[in-house]
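Report on the structure
Letter by letter, the chains look like this.
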Amino acid sequence: MHIHSSNKVTRIYNVIGTLRGATEPDRYVILGGHRDSWVFGGIDPQSGAAVVHEIVRSFGKLKQNGWRPRRTIIFASWDAEEFGLLGSTEWAEENVKWLQERAVAYINADSSVEGNYTLRVDCTPLMYSLVYNLTKEIPSPDEGFEGRSLYESWLEKNPWKDLPWINKLGSGNDFEVFFQRLGIASGRARYTKNWKVDKFSSYPVYHSVYDTYEIVKRFYDPTFKNHQAVAQVRGGLVFELADSLVLPFDCRDYAEALKSYARVISNMTQNYPTEVETYSVSLEPLLSAVKNFSEAATDFHRRLQQLNTRNLLAVRSRNDQLMFLERAFIDPLGLPGTPFYRHIIFAPNRHNKYAGVSFPGIYDALFDIGSQTDQRKAWEEVKRQISIAAYTVQAAAGTLREPS
């Protein structure tokens, strides 16, 4: 094998387009995806870049007809994603001040397909209801589901309880800096394979010379109907987030997610009953904080239903509470060993960066804790991470209360 690599400093280019909002031009919804690839990039990233172009073209047609979104939309084509998410990260760090103050959401638009079985969505719990409602309005491209919605085919092929399965956000893509570092509500959608059958990671030609337009056209999506469905999901998310009077976030879904994540941590601690008792480890502060958050979310939703939408200052205030909720889960000090990641609820799995874990500080402290030589120190770290998580969730609950 002959390997020829070059090591040089070179310039990269992000391409940014802006559609100024008519009513709240100082609130931003961002659609971004990268365009650089390892070789030909037929799937990664060009299947996603093509969708971005179609979405931009669609919004351009609306603008030509006299429409403007309520909030400003930013369209971004990132460079140097494959070299370490450089384009998006540098741009976000350069614009961090106004992003933290004004960014409503980020929708990622990398590869549109990694299979042709069903829809795959990874997003913050704030977007769950939005995603479900949107996919009920989009026709399914799947064979055998003619005349039925994308939601129905997604639910039948990848169910979780009574709903389609939605993944946690991990990393390995351009949403990382927006979500994991800045706490901007984020989501992504693509068409995927049947993970119950295809156990291999990603798709077989990933990052290879065989990732070409031809393989997309011949095997993955010959009619490009899956691309169209993904474009409708991504574009629909941007449209709803940018043009809805009240932001389509549901904090009750976050409350339910936190309950589920706390149960996972509880189950992990049950594997060490002796140590939990010996070192006085208690999850009560975290469970209490999650309960308080759930009550605050329910009360906030009740008040939201009673909101006088003609009172634009009240609408703005409620929207800002929803926008800043994700920010409330950010710890300025970052996570242990990985200070770039600052989200207390979600982080990339240390053992698989593409996957996400919940309550990562506690999860990582508990992972393989039995092999630690200094057990007292290891369990003290678990207790510290429980305290950080409990404090953060409790503080987030406070952001949902009625402003005084």
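Residues numbered from 1 in each chain as written. Predicted model: local features only at pLDDT ≥ 70, side-chain atom pairs only at ≥ 80, totals over all residues. Heavy atoms only, no water.

Attention shifts here to the overall build of the protein. Counting its regular elements, the protein contains 14 helices and ten strands. Taken over C-alpha atoms, the radius of gyration comes to 22 Å for the protein, in line with the 22 Å a tight globule of 404 residues would show. For the protein, the spread of C-alpha atoms along the principal axes amounts to about 65 × 60 × 50 Å. Long-range pairs, those at least 24 residues apart, make up 76% of the contacts in the protein between residues at least 6 apart in sequence. When the accessible surface of the protein is summed, it comes to about 19300 Å², and 52% of that surface belongs to carbon and sulfur atoms. Averaging the coordinates of the 47 positive side-chain charges in the protein and doing the same for the 47 negative ones gives two points 4 Å apart. (Helix = DSSP H or I, 4+ residues; strand = E, 2+ residues; numbered from the N terminus. Rg over C-alpha atoms; globule rule 2.2 N^0.38 Å. Contact = heavy atoms within 4.5 Å. Areas by Shrake-Rupley, 256 points an atom, 1.4 Å probe, with all protein chains shown as cover. Lys, Arg positive; Asp, Glu negative; His and termini not counted. Charge placed at Lys NZ, Arg CZ, Asp CG, Glu CD.)

What follows covers the sheet that holds strand S4 (residues 103-108). Pairing within the open sheet is mixed, and its six strands lie in the order S1-S3-S2-S4-S8-S5. Only two strands of the sheet have a single partner each, and these edge strands are strand S1 (15-19) and strand S5 (118-123). Put simply, the sheet's adjacent strands are angled 20 degrees from each other on average, direction ignored. Relative to strand S3 (residues 71-78), S1 is paired through five bridges, and the arrangement is antiparallel. The residue bridging Thr18 from the neighbouring strand is Ile74, located in S3. Strands S5 and strand S8 (186-192) of the sheet are contacted by helix H5 (residues 150-157), whose axis makes an angle of about 90 degrees with S5. (Pairing = 2+ DSSP bridges. Axes fitted to C-alpha atoms, helices over the stretch in contact; angles between N-to-C directions.)

Attention now goes to the packing of aromatic side chains. Evaluated as defined, the whole model comprises 26 aromatic pairs. With centroids separated by 6.1 Å and ring planes inclined at 75 degrees, the aromatic side chains of Tyr203 and Tyr220 adopt a geometry described as edge-to-face. Of the two residues, Tyr203 sits in the loop between S8 and helix H7 (213-220) while Tyr220 sits in helix H7, which places them 17 residues apart along the sequence. As far as the burial class goes, Tyr203 and Tyr220 line up, both buried. Both rings, one in Tyr254 and one in Phe293, keep their centres 6.4 Å apart while their planes meet at 65 degrees; by these two values the pair is edge-to-face. Of this pair, Tyr254 sits in helix H9 (residues 251-269) while Phe293 sits in helix H11 (residues 284-305), placing them 39 residues apart in sequence. Phe293 sits in the buried class, given a relative accessible area of 0%. An aromatic cluster of at least three residues, connected via ring pairs, comprises Tyr28, Trp78, Trp91, Trp98, Tyr106 and Phe178. In this structure, Lys157 is placed above the aromatic ring of Tyr117, and the distance from its NZ or CZ to the ring centre is 4.8 Å. The aromatic ring of Trp195 is capped on one face by Lys193, whose charged end is 4.2 Å from the ring centroid. (Phe/Tyr/Trp six-rings, centres within 6.5 Å; stacked < 30°, edge-to-face > 60°. Buried < 20%, exposed > 50% of the residue type's maximum accessible area, 1.4 Å probe, protein only. Lys NZ or Arg CZ within 6 Å of the ring centre and 35° of its normal.)

Considering the arrangement of structural elements, one finds Asn95 in the loop between helix H2 (86-94) and helix H3 (96-102). Residue Asn95 is classed as buried on the basis of its relative accessible area, which comes to 17%. Reaching out from Asn95, the side chain makes a polar contact with the side chain of Trp98 at a distance of 3.0 Å. (Polar contact = N/O pair within 3.5 Å; in protein donor to acceptor, adjacent residues only side chain to side chain.)

Across all of its chains, the model carries 26 salt bridges by this definition. Notably, a salt bridge pairs Glu54 with Arg57, separated by 2.6 Å at the nearest N-O pair. Taken together, the residues Glu54 and Arg57, both in helix H1 (residues 46-64) and three residues apart, mark about one turn of the helix. The partly exposed category is assigned to Arg57, whose relative accessible area is 43%. For Lys97, the salt bridge goes to Glu101, with nearest N and O atoms at 3.3 Å. Here Lys97 pairs with Glu101, and both are found in helix H3, just four residues apart, close to one helical turn. Assessed through its relative accessible area of 60%, Lys97 is described here as exposed. (Salt bridge = Lys/Arg side-chain N within 4 Å of Asp/Glu carboxyl O.)

Interhelical geometry of H11 versus helix H12 (residues 312-325) gives an angle of 150 degrees and a closest axis separation of 11 Å. One way to sum up the angle between H11 and H12 is to call them roughly antiparallel. The two elements H11 and H12 cross, and the hand of that crossing is left-handed. The residues of H12 that touch H11, namely those facing Phe293, Phe300, Arg303 and Leu304, are Arg318, Gln321, Leu322 and Leu325. (Parallel < 35°, antiparallel > 145°, perpendicular 65-115°, else oblique. Left-handed = near helix turned anticlockwise from the far one by under 90°.)

Moving on, we get to helix H4 (residues 128-135). Of all eight residues that make up H4, six are buried, and the element is covered over most of its length. Within the span of H4, buried status applies to Tyr128, Leu130, Val131, Tyr132, Leu134 and Thr135. Against S5, H5, strand S7 (163-164), helix H8 (225-243) and H9 lie the buried residues of H4.

Moving on to the state of the cysteines. On inspection of all chains with the given rule, the structure shows zero disulfides. There is no disulfide at Cys123, and the cysteine sulfur nearest it, in Cys251, is 15 Å away. Taking the relative accessible area as the measure of exposure, Cys123 reaches 2% and is therefore buried. A residue is classified by how much of its surface remains accessible, and Cys251, at 2% relative accessible area, is buried. (Disulfide = S-S within 2.5 Å.)

Below, the discussion takes up unusual backbone geometry. Pro45 follows Asp44 through a cis peptide bond whose omega is 10 degrees. You can see Pro45 is positioned in the loop between strand S2 (24-34) and H1. Not every positive phi belongs to a glycine, and Asp368 is a case in point at roughly 60 degrees. Mapped onto the elements, Asp368 comes out in the loop between helix H13 (360-366) and helix H14 (375-399). Overall, Asp368 belongs to the partly exposed group, its relative accessible area being 47%.

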